[in-house]
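Spelled out from the first residue to the last, the chains are:
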Amino acid sequence: GAVVSQHPSWVICKSGTSVKIECRSLDFQATTMFWYRQFPKQSLMLMATSNEGSKATYEQGVEKDKFLINHASLTLSTLTVTSAHPEDSSFYICSARVGGDYEQYFGPGTRLTVT
Amino acid sequence: LAKTTQPISMDSYEGQEVNITCSHNNIATNDYITWYQQFPSQGPRFIIQGYKTKVTNEVASLFIPADRKSSTLSLPRVSLSDTAVYYCLVGQDSSYKLIFGSGTRLLVRP
């Protein structure tokens, strides 16, 4: 149980375009979802916390107008990278938790390459 | 959220026991200690969690001394497939955020 999926698993886009990444909890309802980014050989960096039906809370230094997060249902959160640039190329990972449960379940990640 | 310190990297050989120690001097009374494993180009995977003394599951053991200022993840008889980055995390605030440190890159050699 507790499976989190991400789509797509990898994407290549041109500079200036927008890309949407989906994060789904397949067999449970996630009250909270988190979005991370990870550069090569580095640790995960938390970008934002997303609660169903409310606005996302962004970490300091993360541009909310560039990284749009929507958590429309208890099983789906989306991250849209707007006007992507090569420096946005990274590995984006989401995680989800059930209310009252300490453990977070991570998705497999999405590799974004901006050319 | 308590800050953690881990060795950057460790080397081992197949069949050996590996112990990775994490220092968390500022751990709060309510904080749990959690370890995650991450393979390249994959999301982290939960390994084990504990509060005090010793916790064991089918994958690993977690040893926590009485002062809880450190913890040791023990991987018995590692195999090549245990080559990964291991993260020690301590505590969560009310929003349940996880703050990842630098992790320990474990390389298991044949």
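As the structure is a prediction and not an experimental result, all values here were calculated from the model.

Reading the values: rules and limits
- Position numbers for residues count from 1 along each chain, tracking the sequence in the order it is written.
- Chain letters start at A and ligand numbers start at 1, both assigned in the order the entries are written.
- Where totals are concerned, whole chains, interfaces and linings use all residues; where local detail is concerned, this predicted model gives features only for residues with pLDDT of at least 70, and gives and counts side-chain atom pairs only at 80 or more.
- Hydrogens and water are ignored here; the side-chain numbers use all heavy atoms of the structure.
- Here a helix means four or more residues in a row that DSSP labels H or I, a strand means two or more in a row labelled E, and each is numbered from the N terminus.
- As defined in this context, the radius of gyration uses C-alpha atoms, and a globule is described by 2.2 Å times the residue total to the power 0.38.
- Classification of residues uses two cut-offs on accessible area relative to the type maximum, computed with a 1.4 Å probe and protein chains only: under 20% is buried, over 50% is exposed, and between them is partly exposed.
- In this analysis, two residues are considered to be in contact whenever any of their non-hydrogen atoms come within 4.5 Å of each other.
- Note on areas: Shrake-Rupley, 1.4 Å probe, and residue coverage restricted to the protein chains presented here.
- We score Asp and Glu as negative and Lys and Arg as positive, and we do not count His or the chain ends.
- For this purpose, a charge sits on NZ of Lys, CZ of Arg, CG of Asp or CD of Glu.
- In short, buried area is how much 1.4 Å probe accessible area vanishes from two parts on joining, totalled over both.
- The salt bridge definition used is simple: a Lys or Arg side-chain nitrogen within 4 Å of an Asp or Glu carboxyl oxygen.
- Polar contact is the term for a pair of N or O atoms within 3.5 Å; when the atoms are in protein, one must be able to donate a hydrogen and the other to accept it, and sequence-neighboring residues count only if both atoms are side-chain atoms.
- Charged residues are taken to be Asp, Glu, Lys and Arg, nonpolar residues to be Ala, Val, Leu, Ile, Met, Phe, Trp, Tyr, Cys and Pro, and polar residues to be all remaining types, Gly included.
- Any Phe, Tyr or Trp ring, taking Trp's six-membered ring, that has another such ring centre within 6.5 Å forms a pair; planes under 30 degrees apart are called stacked, those over 60 apart edge-to-face, and the others tilted.

Moving on, we get to the overall build of chain A. Helix and strand counts for chain A come out as zero helices and 11 strands. For chain A, the α and β elements follow one another from N to C terminus as β-β-β-β-β-β-β-β-β-β-β. Compactness check: chain A gives a C-alpha radius of gyration of 13 Å against a globular reference of 13 Å for 115 residues, within 12% of the reference. Overall size of chain A, expressed as C-alpha extent along the three principal axes, is 40 × 25 × 25 Å. By the burial criterion, 50% of the 115 residues in chain A qualify as buried. Restricting the contact set of chain A to residue pairs at least 6 apart, pairs at least 24 apart contribute 54%. Looking at chain A as shown, the accessible area adds up to about 5500 Å², and 52% of this sits on carbon and sulfur atoms. In chain A, which carries 10 positive and 10 negative side-chain charges, the distance between the mean positions of the two groups comes to 6 Å.

To continue, consider the interface of chain A and chain B. Many descriptions give the size of an interface as the accessible area lost when the pieces come together. Facing 20 residues of chain A, the contacting portion of chain B comprises 22 residues. Interface area for chain A against chain B, summed over the two sides, is near 1700 Å², with a carbon-plus-sulfur share of 53%. Between the two partners, chain A and chain B, sit zero salt bridges. Counting the contacts that link chain A with chain B gives four residue pairs in polar contact (both at pLDDT 80 or more). Residue assignment for the side of chain A that touches chain B shows that the elements contributing at least two residues are β4 (32-38), β5 (45-51) and β9 (90-97) of chain A. For the side of chain A that touches chain B, the residue count by class is nine nonpolar, six polar and five charged.

This part takes up the packing of aromatic side chains. Applying the stated criterion across every chain, the model contains 10 aromatic pairs over all chains. Ring geometry for tyrosine 87 of chain B and phenylalanine 100 of chain B: centres 5.2 Å apart, planes at 90 degrees, overall edge-to-face. Residue tyrosine 87 of chain B is found in strand β8 (residues 84-90), and its partner phenylalanine 100 of chain B is found in the loop between β8 and β9 (104-109); the two are separated by 13 residues along the sequence. Residue phenylalanine 100 of chain B is classed as buried on the basis of its relative accessible area of 9%. Aromatic rings pair up to connect Tyr36 and Phe106 of chain A together with Tyr36, Phe46, Tyr87 and Phe100 of chain B into one cluster.

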